[in-house]
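A look at the structure
Here is what each chain is made of, one letter per residue.
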Amino acid sequence: TDDIRLNLAYAKMRAPSSWLPFPEGKAVLELGKVPQPFNWKRTGMKKGKDYMLWDADVATEGVTLLLSSKPTERTTLFGTFGYYVIDENSQEKDPHFWGLQVGGHQEVSQDWLFGARASWFAFRAIDRSFNLRGATGEGGVTSGGGNIPDGLNGNLDGDPFNVVETAAYLTYGGYESWPITVYGTFARNLDAESSELFPGAGKEDTAWGLGLEVGDSKKFVKLGTGYWSIQANSFPSMFIDSDFLDGRTNRQGWAFYGAKQILENTELKLTLFVIEPITTGVGFEPSVANSDRMRLQSDIVFKF
């Protein structure tokens, strides 16, 4: 018998605009193994890099409700709500999480665009297997490692925990071929605890990032750089971006990137990652191993 793995498999349903009580409203329900919903791209305004909490390749299983509205010509508001099962557990309740994200984009003037969002992720029915996978990366279909075994929620056998995140960007478009975007994000695990297994490890509960992007890949070239720091217990490691930080927490580093449209519907992208560990010592070994590295990634994107 052959195995088969599906990256995405979902149904999408759109509500007629006439059903919705808000101006130019949209409501989309996605059911199944769904695309990653908690990033700028899903809100229709891709600004900067969302490298921090969610790997764009992680397809969660559950249900997502995407809402948006345009109360004015210059204002767009959005809300994302979701429930997702992390593991199938025949003996106990399945580990799962709830996600809520709200935000908006505002054209402040002809040349200035501002966007912001706030997110809450509530992880529930967490068990020992989940915590150990976050610590070592073993036993799952994604990479991982870096969480302190009893650090995400203060209990090796598992307790609920909550992570909050906020992000914002500001774009100046006064130079037509060279728009400038400054962006940043900050997150904290509200229930992280100092480890009893490894007394040298503190809460390690914070993640943050800042970036700058200039240019337009279609008109000339887009160039950008950003720095991110993701402490050990700030988020479950199995969901962290695998290209940038190898799917590990307790890492920090720079990304330098560029993009150029070389033909119609064809774009060349180059990214250089330079990463290193944040903390070394007992309890941090899974995230420290092979962490000092430089990685050059190239992509050719065809759109048709």
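This text follows the structure it describes.
About the thresholds
Residues numbered from 1 in each chain as written. Predicted model: local features only at pLDDT ≥ 70, side-chain atom pairs only at ≥ 80, totals over all residues. Heavy atoms only, no water. Buried < 20%, exposed > 50% of the residue type's maximum accessible area, 1.4 Å probe, protein only. Helix = DSSP H or I, 4+ residues; strand = E, 2+ residues; numbered from the N terminus. Contact = heavy atoms within 4.5 Å. Salt bridge = Lys/Arg side-chain N within 4 Å of Asp/Glu carboxyl O.

The next point concerns helix α1 (residues 128–136). Taken as a whole, α1 has its buried residues at F130, N131, R133, G134 and A135. Where α1 is buried, its residues touch β6 (112–124), β7 (161–172) and α3 (285–288). Of the residues flanking the end of α1, it is G137, one or two places downstream, whose phi is positive at about 80 degrees.

What follows deals with the pattern of salt bridges. In total, this model carries 13 salt bridges according to the counting rule given. One salt bridge connects K219 with E176, and the closest N-O pair in it is separated by 3.4 Å. Linking K219 in the loop between β9 (206–215) and β10 (222–230) with E176 in the loop between β7 and β8 (180–189), this pair joins segments that are 43 residues apart in sequence. You can call K219 partly exposed: its relative accessible area is 45%. Each of the salt bridges in this network shares a partner with another, and the network as a whole consists of D246, R251, R293 and R295.

Positive phi values are uncommon outside glycine, yet A125 reaches one of about 55 degrees. Along the chain, the position of A125 falls in the loop between β6 and α1. The backbone of D246 sits at a positive phi, close to 60 degrees, despite the residue not being glycine.

Keep in mind these values describe shape, not function.
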